[in-house]
Amino acid sequence: MQMMKQTLIFSMLLAGVGSLIGAEHDWPTYRGNAQRTGTVDTVAGPKKPAVQWFLKSEENFIASPVPSGQELLLSSIGAFNKPTLLALSQAPADRAMIAPRWMKSAPMLKLPSVSAPAVVGDSIYFGDGMHQTDGAILYCFPSAGGHLTWAYAVPGELVHMEGAPTVHNNRIYLGAGSAGVICLDATTLDLNGKAVLPKDVPALQEQRWKELLAKYEKEKKEDPDFAVPPTEDQLHRPQPKLVWQAGAKKWHVDAPVLLVGDRLYVASAFLDKEKLGERALFCLDAATGKELWKTPLTYNPWGGASFDQDTLIITTSSISYDPKSLQGSRGEILAIDPASGKVRWQKSIAGGILGCAALRDGSAYFTCTDGRVRGMSLKDGSRTLLYDAKASLFAPPVVTADTVFAADNAGVVHAIVRKTGQPAWTLSLKDAPIQAPGMNYGGLTLHGGKLFLATCNLEGEFARQPTCIVCIGGE
């Protein structure tokens, strides 16, 4: 009777997950929702591909694009690992003269960012740092691109915030590499020992900026050769409250975390070279960070967990995002009971699964380094889709009512009919008008019926060639 009562309570919590995550006007978690579908609206994707606009770049885009109102957010890495967060119009008036509406970069941002932002209300959240850096900062900016709202720094070796944050009720959950996972409360902020409300920060920052400009004007008059204009890193740096931290120096959390009801699911990796971390999926109490259960994994879960229909799906890979290590790579996909952590089924795959699975209508869809896109039943792991892209895939797919969209590492976008596994269409970035192929690490994003993608040419056959940001529309 007690077990039935606990199961009923847990099922009620899960039933409410749609109201917690995935509202159409927000993008509060990785890939938009707990199912990780890469879309939060009900508008179908393009039936035929048509390039609406594109922008070539020297930047490298590892995270997926994120919609924010009428804008598209992209984090990038430039020369000498220079970080940038930029906002583009989703529908630019002049497609021949596309330019960022606003951007944030050094010296405001300190480390390269590979984190896909989260967007809730009028705020944007994203972290910085990547594997070769130490220490990391989680930032919150206004969605209109104003001055910093707050920042939270986490020091330490192999500390970085590569996964997207999850935001709910002024709580922010985020993996931080070897710092484990942190939970912050941004209801009130600390500014030099004084409590301030987030809504009051813009006025404080504006006043501070006026003071910095006035000081600069004075210095120009006194000694113009040595006057230095102010930069945004000289502004106030309020910080939220740390509610709890779990797994510091025990786990290594690069994957995005997953919030379902009152539970947080955290995918931790083991770093073979550094001999640090633990390969496992952890279930934590979201309020306290207390560990509720742990499920060991054979390979590393770089993409994190997905949830739908009372089932957790976790994908794993024997390799990281390294195009030189594709040969002999292996992966597994597991279905796990969210209440107990018990493995319901698991399947071995002849290739690494680096991206998370996208769940819809009782199936889990995922890409693999062997060049195939697969669908498997949430119930028993039986195959529901198999498609050969004929090129390795790192990034998770987008899934709609009738189509699976995926971008491979040869610069080709694939639209796959869910019912048959047959191609609906393909579009190559090598061809006109784009003529800028690139690898896809972060995944496509579908918003308002349009597909958005951004490429990365840090490695692979297109290394050091121009990258691109692309909008694909059509019928």
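The paragraphs below set out a description of the structure included in this document. (Residues numbered from 1 in each chain as written. Predicted model: local features only at pLDDT ≥ 70, side-chain atom pairs only at ≥ 80, totals over all residues. Heavy atoms only, no water.)

1. Quick look at the pattern of salt bridges
Should the charged atoms of two oppositely charged side chains come close, the side chains can pair. Convention followed: Salt bridge, as applied in this entry: a Lys or Arg side-chain nitrogen positioned within 4 Å of an Asp or Glu carboxyl oxygen. Comment: elements are numbered from the N terminus, with helices defined as DSSP H or I runs of at least four residues and strands as E runs of at least two. Only protein chains enter the area calculation, which uses a 1.4 Å probe; residues under 20% of their type maximum are buried, those over 50% are exposed, and those in between are partly exposed.
Under the defined criterion, the tally for this structure stands at 18 salt bridges. With a closest N to O distance of 3.6 Å, R101 and E71 form a salt bridge. Separated by 30 residues along the polypeptide, R101 in the loop between β4 (83-89) and β5 (102-105) and E71 in strand β3 (residues 71-77) bring together distant segments of the chain. On the basis of relative accessibility, which here comes to 11%, the residue E71 falls in the buried class. Put simply, D272 and R279 hold a salt bridge, and the shortest N to O gap is 3.0 Å. Overall, the relative accessible area of 43% leaves D272 in the partly exposed class. The class of R279 is partly exposed, set by a relative accessible area of 23%. Shared partners join several salt bridges into a network, and the residues in it are D310, D337 and R344.

2. Side note on the sheet that holds strand β27 (residues 398-399)
Applied cut-off: Paired strands, as defined in this entry, are two strands with at least two bridges between them according to DSSP.
Across the sheet, 4 strands lie side by side as β27-β28-β29-β30; this open sheet has antiparallel pairing. Whereas interior strands pair on both sides, the edge strands pair on one side only; in this sheet they are β27 and β30 (423-428). By the bridge criterion, 5 bridges tie strand β28 (residues 403-407) to strand β29 (residues 412-417) in an arrangement that is antiparallel. Across the sheet, residue T403 finds its bridge partner in β29, namely V417.

3. Topic: the pairing of strand β25 (residues 372-377)
Counting buried positions along β25 gives 5 out of 6 residues, so the element sits mostly inside the fold. Counted along the chain from strand β24 (residues 363-367) to the antiparallel partner β25, the turn is 4 residues long, and its residue G371 has a positive phi close to 90°. Across 5 bridges, the pairing between β25 and strand β26 (residues 383-388) is antiparallel. If you follow R374 over to β26, its bridge partner there is L386. Between the end of β25 and the start of β26, which pair antiparallel, lie 5 residues, with G381 showing a positive phi angle near 80°.

Taken by themselves, the reported measurements are silent on function.
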